[in-house]
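# Topology and contacts: notes
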Amino acid sequence: MNGTVAPVLGNRLGAAGWDVVPWDRSAVSPDDASACRRFIGDVNPSVIAHLAMGAPDWAGLMAEEAASRGIPFLFTSTVSVYADRTVGPITVDSPTDSTSEYGRYKIDCEERTRRSYPDAIIARLGWQIGDAPGSNTMVHHLYDVAGHVGTVEASTRWFPACSFLGDTAAVLHGLIERSVGGTYLVDSNRRSSFFEIVSALNRIHGHPWRVEPIDEPILDMRMVDERIDAPPLTTRLQV
Ligand SMILES: NC(=O)c1ccc[n+]([C@@H]2O[C@H](COP(=O)([O-])OP(=O)(O)OC[C@H]3O[C@@H](n4cnc5c(N)ncnc54)[C@H](OP(=O)(O)O)[C@@H]3O)[C@@H](O)[C@H]2O)c1
């Protein structure tokens, strides 16, 4: 619950009447399998949601516990399971072909999860957009880059997978409530380039950055999944 996405989902579930129990890894080490199983037994959850980093074996253990209890297990994955591509959009049938360390790690976690629990809910998220700097989001990245370099260069030919945090939390909440296992792609970007997104965020934030259009990279990482109902990014960007 100290991360970026988890507290937003936690608040949303709390507001909907759920009792949300954080996993404090200083109290229950993810490396101690028996302590993990004991903790899950003590909490006796009706759902387990995994929105942290951590070893694939830990994801597998939580998936196994959820499967044996017959409760939903949500694992949050990432668009980074896909290698960079210039032709999009990505669909759920696209191969997970990432060669990056992070992408391969998340593919391992997904596989470990599915092996333990074929009906797990796996949600691949795009880059998250928050309201302020200070967490793992695009907005934080933009403040960071502008702080160091002065100018934000943004490609007019890069179409990133991305969503506002609140919309992601709403989708994850829906997936938990619906509890239909499978792999889902969670992306609000239907047609906006990185330059268009950054320019709109710059306006929303009161023009803190100088944004310059550039031609590279040329990438289309948008993900489409008709089962996911989230407002388009353009609505949130007011463009
Ligand atoms: N933010 C994004 O733009 C984005 C994009 C695509 C996908 N995702 C996915 O969404 C999920 C949540 O991401 P996030 O951005 O919220 O992450 P985050 O802000 O970086 O938080 C990560 C959380 O993981 C925990 N963690 C770190 N190392 C760990 C370890 N070795 N073992 C167990 N837990 C560990 C941390 O717990 P402590 O508080 O205990 O340190 C922290 O709460 C992740 O699965 C991520 O891959 C995020």
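Structure: above.
Rules and cut-offs
Residues numbered from 1 in each chain as written. Predicted model: local features only at pLDDT ≥ 70, side-chain atom pairs only at ≥ 80, totals over all residues. Heavy atoms only, no water. Helix = DSSP H or I, 4+ residues; strand = E, 2+ residues; numbered from the N terminus. Pairing = 2+ DSSP bridges. Axes fitted to C-alpha atoms, helices over the stretch in contact; angles between N-to-C directions. Parallel < 35°, antiparallel > 145°, perpendicular 65-115°, else oblique. Contact = heavy atoms within 4.5 Å. Nonpolar A, V, L, I, M, F, W, Y, C, P; charged D, E, K, R; others polar. Near = heavy atom within 4 Å. Polar contact = N/O pair within 3.5 Å; in protein donor to acceptor, adjacent residues only side chain to side chain. Areas by Shrake-Rupley, 256 points an atom, 1.4 Å probe, with all protein chains shown as cover.

## Re the environment of Ala33
Along the chain, the position of Ala33 falls in helix H2 (residues 33–43). Separated by 28 residues in sequence, Ala33 and Leu61 place their C-alpha atoms 7.5 Å apart.

## Structural notes on the sheet that holds strand S3 (residues 121–125)
The strands making up a sheet associate through backbone hydrogen bonding, with each pair oriented either parallel or antiparallel. Strand order in the open sheet formed by 4 strands is S1-S2-S3-S8, with parallel pairing between adjacent strands. Both outer strands of the open sheet, strand S1 (48–50) and strand S8 (182–186), are each paired with one neighbouring strand and no more. Across the sheet, the mean angle separating the axes of adjacent strands is 20 degrees when strand polarity is ignored. Relative to S3, strand S2 (residues 73–78) is paired through 5 bridges, and the arrangement is parallel.

## Examining the packing of helix H5 (residues 138–149) against helix H7 (residues 194–204)
It is the contact of H5 with H7, at a shortest axis distance of 12 Å, that shows an interaxial angle of 80 degrees. The angle between H5 and H7 falls in the class roughly perpendicular. Along the contact surface, H5 presents Met138, Val139 and Leu142, while H7 presents Phe194, Ile197, Val198 and Leu201. Grouping the constituent residues of the contact of H5 with H7 by class yields 7 nonpolar, no polar and no charged.

## Considerations on the site of the ligand
Inspection of the region around the ligand gives 20 residues, with Thr4, Arg25, Tyr102, Lys106 and Asn136 positioned closest. Measuring from an oxygen atom of the ligand, one finds a backbone N or O atom of Gly3 at 3.2 Å. One of the backbone N or O atoms of Val5 is found 2.8 Å from an oxygen atom in the ligand. Protein contact buries 78% of the 900 Å² of open area that the ligand shows by itself. At the level of elements, S2, helix H4 (101–116) and strand S4 (127–129) are the ones that each hand at least two residues to the shell around the ligand. The biggest single contributor to the shell around the ligand is S2, with 3 residues. In the shell around the ligand, the residues fall into 8 nonpolar, 10 polar and 2 charged.

Don't take any of this as a statement about function, it's just geometry.
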